[in-house]
Amino acid sequence: MRNDEALTVDDVAEILQVGRNTVYALKDKGELGSYKVGRKLRFTYADVQAYIARSKAAPTAGPATAPASRERFVICGQDIILDVLSNYVAQTGIESLRAYIGSYDALADLYKDRVQVASSHLWDGETGEYNVPYVRKLLPGVAVVVVNLTYRMQGFYVAKGNPKNLRTWEDLLRPGVRLVNREKGAGSRVLLDEHVRLLGAEPSFIEGYGTETQSHIAVASSVARGRGDVAVGSEKIARQVEGIDFVPLQKERYDLVVKRENFDSRPVQAMMGVLESGLLREEFAGLGGYDTSDMGRIVWIG
């Protein structure tokens, strides 16, 4: 995707994994650059990337005029399910903010108390486990609670008909296969890196490995436009982008991580109440691409 390529409100909403109203709000507050073509609002990919970069640099930033009496609560991660969860928490009277960064950086920010909830879908190739091995390493000496949010299917985005017949991780090492990669720290990037490592290969062998893109929708769109042959991402996005097929490879567990010292706090208990109420489960169970059967279940305490 070129930096000067024109993006619609819907394109930006998909890249940031937020609703259309959030995109308009970011534009109105001057946080996201935009321009008009006639009556049509447009954005450049460079402006969207700049906003993401600023969010990473200051993940806890919120409205300067927020009432001091309200508790500030930051949920970290990129899936749109987190936006809906944040909105439900906000309805309980808690100022619920979002930080749109990948799983690795989210856990690091939780360790540094920059956020209160980190989402994670990091797979460890040695144990076959999700999230817990990374929690142990990235939050050393910190007692945490890991709560399931959902399960998602990860796999390959390929062109319609899968013309290069890409079915396995090893297929990525074939000559002439061009990858569109995620940024360092994204769960999909870690999944790819772990499988390449287990194959005993060097990532540099994969053409396009150094091409980094910030979201599932962006890599899927790049494959659809012929700028790469394959990308790794979730099934849900494949249903939203025309011109691609999805090759399922691995079911992932997508969890929320909070510090145990904060688990009984009002904001975290409000979040747990939303997860256990069934409202979020019902809303996403029918959308496809989500398995919400374990939503709200505590999967690990350490």
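Everything that follows concerns the structure shown earlier in this document.
All of these numbers come straight from a predicted model, not from anything done at the bench. (Residues numbered from 1 in each chain as written. Predicted model: local features only at pLDDT ≥ 70, side-chain atom pairs only at ≥ 80, totals over all residues. Heavy atoms only, no water.)

Here the focus is the overall build of the chain. A count of helical and extended segments in the chain gives 11 helices and 12 strands. Dimensions along the principal axes, computed over C-alpha positions, put the chain at roughly 60 × 55 × 35 Å. Considering only intrachain contacts with a sequence separation of at least 6, the fraction spanning at least 24 residues in the chain is 71%. Only carbon and sulfur atoms are counted for the fraction: they give 49% of the accessible area of the chain, which is about 13,200 Å². With 38 positive and 39 negative side-chain charges, the chain shows a separation of 4 Å between the mean positions of the two kinds. (Helix = DSSP H or I, 4+ residues; strand = E, 2+ residues; numbered from the N terminus. Contact = heavy atoms within 4.5 Å. Areas by Shrake-Rupley, 256 points an atom, 1.4 Å probe, with all protein chains shown as cover. Lys, Arg positive; Asp, Glu negative; His and termini not counted. Charge placed at Lys NZ, Arg CZ, Asp CG, Glu CD.)

An order of β1-β3-β2 is seen for the three strands of this open sheet, with the pairing classed as antiparallel. Strands at the two margins of the open sheet, each flanked by one partner only, are β1 (6-7) and β2 (35-37). (Pairing = 2+ DSSP bridges.)

If you walk through the whole model with that rule in mind, you get 19 salt bridges. Between Arg 174 and Asp 171 there is a salt bridge; the shortest N-O distance is 3.6 Å. For Arg 174, a relative accessible area of 32% gives the class partly exposed. What emerges from the salt-bridge pattern is a single network uniting Lys 184, Arg 189, Asp 193 and Glu 212. (Salt bridge = Lys/Arg side-chain N within 4 Å of Asp/Glu carboxyl O. Buried < 20%, exposed > 50% of the residue type's maximum accessible area, 1.4 Å probe, protein only.)

In an α-helix, one turn spans 3.6 residues, which is why side chains three or four residues apart end up on the same side. The first and last C-alpha atoms of helix α7 (residues 187-198) sit 17 Å apart over 12 residues, in line with the 16 Å expected at 1.5 Å per residue. The buried fraction of α7 is high, at nine of 12 residues. Taken together, the buried positions of α7 are Gly 187, Ser 188, Arg 189, Val 190, Leu 191, Leu 192, Glu 194, His 195 and Val 196. Immediately downstream of α7, the backbone of Gly 200 shows phi near 75°, a positive value. (Expected span 1.5 Å × (residues − 1).)

This part is about the pairing of strand β3 (residues 40-44). As paired elements, β1 and β3 share two bridges and run antiparallel to each other. When the sheet's bridge partners are listed, Ala 6 is paired in β3 with Thr 44. Where β2 lies against β3, three bridges are found, and the strand directions are antiparallel. When the bridges of β3 are listed, Val 37 appears paired with Lys 40. Hairpin connection, β2 to β3: the antiparallel pair is bridged by two residues, and Gly 38 has positive phi, about 65°.

So, about the environment of Asn 162. Within the secondary structure, Asn 162 is located in the loop between β7 (144-159) and β8 (181-182). Judged by relative accessible area, which is 7%, Asn 162 ranks as buried. Once the C-alpha coordinates of Asn 162 and Ala 220 are considered, the two residues, 58 residues apart in sequence, prove to be 13 Å apart. Once residues lying within four places of it in the same chain are set aside, the contact partners of Asn 162 are Arg 167, Asp 245 and Val 247.

A few words now on the nonpolar core. Ranked by size, the top nonpolar core spans 30 residues in total, and within it Val 12, Leu 16, Val 23, Leu 32, Phe 43, Val 48 and Tyr 157 carry the most contacts. In contact with Val 48, not counting residues within four places along its chain, are Leu 7, Val 12, Ile 15, Leu 16 and Leu 32. Ranked by size, the runner-up nonpolar core spans 27 residues in total, among them Leu 82, Val 84, Ala 270 and Phe 284. (Core = buried A, V, L, I, M, F, W, Y, C linked by side-chain atoms within 4.5 Å.)

Let's shift gears to the packing of aromatic side chains. Enumeration according to the criterion identifies three aromatic pairs in this entry. Ring centres of Phe 284 and Tyr 290 lie 5.1 Å apart, and the angle between their planes is 80°; this geometry places the pair in the edge-to-face category. Both residues of the pair, Phe 284 and Tyr 290, belong to the buried class. Above the face of the Tyr 254 ring, Arg 152 is positioned so that its terminal group lies 4.2 Å from the ring centre. Taking NZ or CZ as reference, Lys 251 lies 5.1 Å from the ring centre of Tyr 151, over its face. (Phe/Tyr/Trp six-rings, centres within 6.5 Å; stacked < 30°, edge-to-face > 60°. Lys NZ or Arg CZ within 6 Å of the ring centre and 35° of its normal.)

Our focus in this paragraph is the side chain of His 121. Secondary-structure assignment places His 121 in the loop between β6 (117-120) and α6 (132-138). Judged by relative accessible area, which is 8%, His 121 ranks as buried. A distance of 2.8 Å separates a polar atom in the side chain of His 121 from a polar atom in the side chain of Glu 252. Apart from the residues within four sequence positions on either side, His 121 is in contact with Ser 103, Tyr 130, Asn 131, Arg 152, Gln 154, Gly 187, Ser 188, Glu 252, Arg 253 and Tyr 254. (Polar contact = N/O pair within 3.5 Å; in protein donor to acceptor, adjacent residues only side chain to side chain.)

What follows is about the environment of Glu 235. Within the secondary structure, Glu 235 is located in helix α9 (residues 235-238). Judged by relative accessible area, which is 25%, Glu 235 ranks as partly exposed. Here the alpha-carbon distance between Glu 235 and His 216, two residues 19 residues apart in the chain, equals 9.6 Å. Non-local contacts of Glu 235, meaning those with residues more than four positions away in its chain, are made with Met 153 and Phe 246. Within the structure, Glu 235 has its side chain in polar contact with the side chain of Arg 239 (distance 3.3 Å).

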